[in-house]
Amino acid sequence: MFNRANSLLGTNWTLHDLRHTAAYRLARDPKMPLTDVQWVLGHAHLSTTQLYLPADRDEVIEHVRAHHARRAKSAERVPPPPAAGYNAESLNNLFGTAW
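Calculation rules
- Residues numbered from 1 in each chain as written.
- Predicted model: local features only at pLDDT ≥ 70, side-chain atom pairs only at ≥ 80, totals over all residues.
- Heavy atoms only, no water.
- Core = buried A, V, L, I, M, F, W, Y, C linked by side-chain atoms within 4.5 Å.
- Buried < 20%, exposed > 50% of the residue type's maximum accessible area, 1.4 Å probe, protein only.
- Helix = DSSP H or I, 4+ residues; strand = E, 2+ residues; numbered from the N terminus.
- Patch = residues over 30% accessible without salt bridge, like charges linked within 9 Å, V, L, I, M, F, W, Y side chains within 5 Å.
- Areas by Shrake-Rupley, 256 points an atom, 1.4 Å probe, with all protein chains shown as cover.
- Salt bridge = Lys/Arg side-chain N within 4 Å of Asp/Glu carboxyl O.
- Axes fitted to C-alpha atoms, helices over the stretch in contact; angles between N-to-C directions.
- Parallel < 35°, antiparallel > 145°, perpendicular 65-115°, else oblique.
- Left-handed = near helix turned anticlockwise from the far one by under 90°.
- Contact = heavy atoms within 4.5 Å.
- Nonpolar A, V, L, I, M, F, W, Y, C, P; charged D, E, K, R; others polar.
- Polar contact = N/O pair within 3.5 Å; in protein donor to acceptor, adjacent residues only side chain to side chain.

Colleague: What should I look at first to understand the nonpolar core in this one?
Modeller: A general tendency of soluble globular proteins is for nonpolar side chains to be buried together. One finds A23, A27, L34, V37, L41 and Y52 forming the largest nonpolar core, which totals 6 residues. Elements with a contribution of two residues or more to this core: helix 2 (15-28) and helix 3 (34-41). Ranked by the residues each element gives to this core, the list is headed by helix 3, at 3 residues.

Colleague: Would you take a moment to explain a nonpolar patch on the surface for this structure?
Modeller: On the surface, L8, L9 and W13 cluster together into a nonpolar patch covering about 400 Å² of accessible area. Topologically, W13 is positioned in the loop between helix 1 (2-9) and helix 2.

Colleague: Is there a simple way to explain the packing of helix 2 against helix 3 in this structure?
Modeller: When two helices pack together, their arrangement is given by the angle between the helix axes and the distance between those axes. Across the interface, helix 2 lies against helix 3 with an axial gap of 9 Å and an inter-helix angle of 165°. In terms of their interaxial angle, helix 2 and helix 3 are classed as roughly antiparallel. Relative to helix 3, helix 2 is oriented so that their crossing is right-handed. Seen from helix 2, the contacting residues are R19, A23, L26 and A27; seen from helix 3, they are L34, V37, V40 and L41. Across the contact of helix 2 with helix 3, the residue classes break down as 7 nonpolar, no polar and 1 charged.

Colleague: Even after reading the chapter, I still don't get the side chain of Q38, so can you show me in this structure?
Modeller: Looking at the secondary structure, you find Q38 in helix 3. Beyond its immediate stretch of four places on either side in the chain, Q38 contacts H43, A44, H45, L46 and T49.

Colleague: Even after reading the chapter, I still don't get the environment of T21, so can you show me in this structure?
Modeller: With respect to the secondary-structure elements, T21 resides in helix 2. When the C-alpha positions of T21 and Y52 are compared, they lie 9.3 Å apart, and in sequence the two are 31 residues distant.

Colleague: Looking at this model, I keep getting lost on the side chain of N6. Mind explaining?
Modeller: Tracing the backbone shows N6 in helix 1. Among the polar contacts made by the side chain of N6, one reaches the side chain of T11 at a distance of 2.4 Å. Each residue touching N6, except ones within four places of it in the same chain, is listed here: T11, N12 and W13.

Structure representation (C-alpha cells):
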C-alpha cells in the first residue's frame, strides 16, 4: 500500500520518514510530555528525543520578546519593606537593592 501511494504521488517516502514526522509532531505538542515521546520512540536517552525540538525563528523571537517584557515588568516593581526584625542595610548587602 505504501509503495502504491509513493507511485501515485511521485514520492519516495519510507516508514522511517513517517516515524520522524510523528516524532516531530508529538514532541511539539505542549500537552505531550517529552518523556512520553521518548518512550513511544524507544529512545534510551532523552537527549536523542530532544533532537525533535528545534525552535523556529519566529518562536525564538517570541520567547525573547516575552523574556524582555517580564524583565521590564519585574524592574518596575518596588520591593516591599522588610519584615520587622530584619536590618534593611544587611539585606541590601546580601541581596542588593532589589531584594
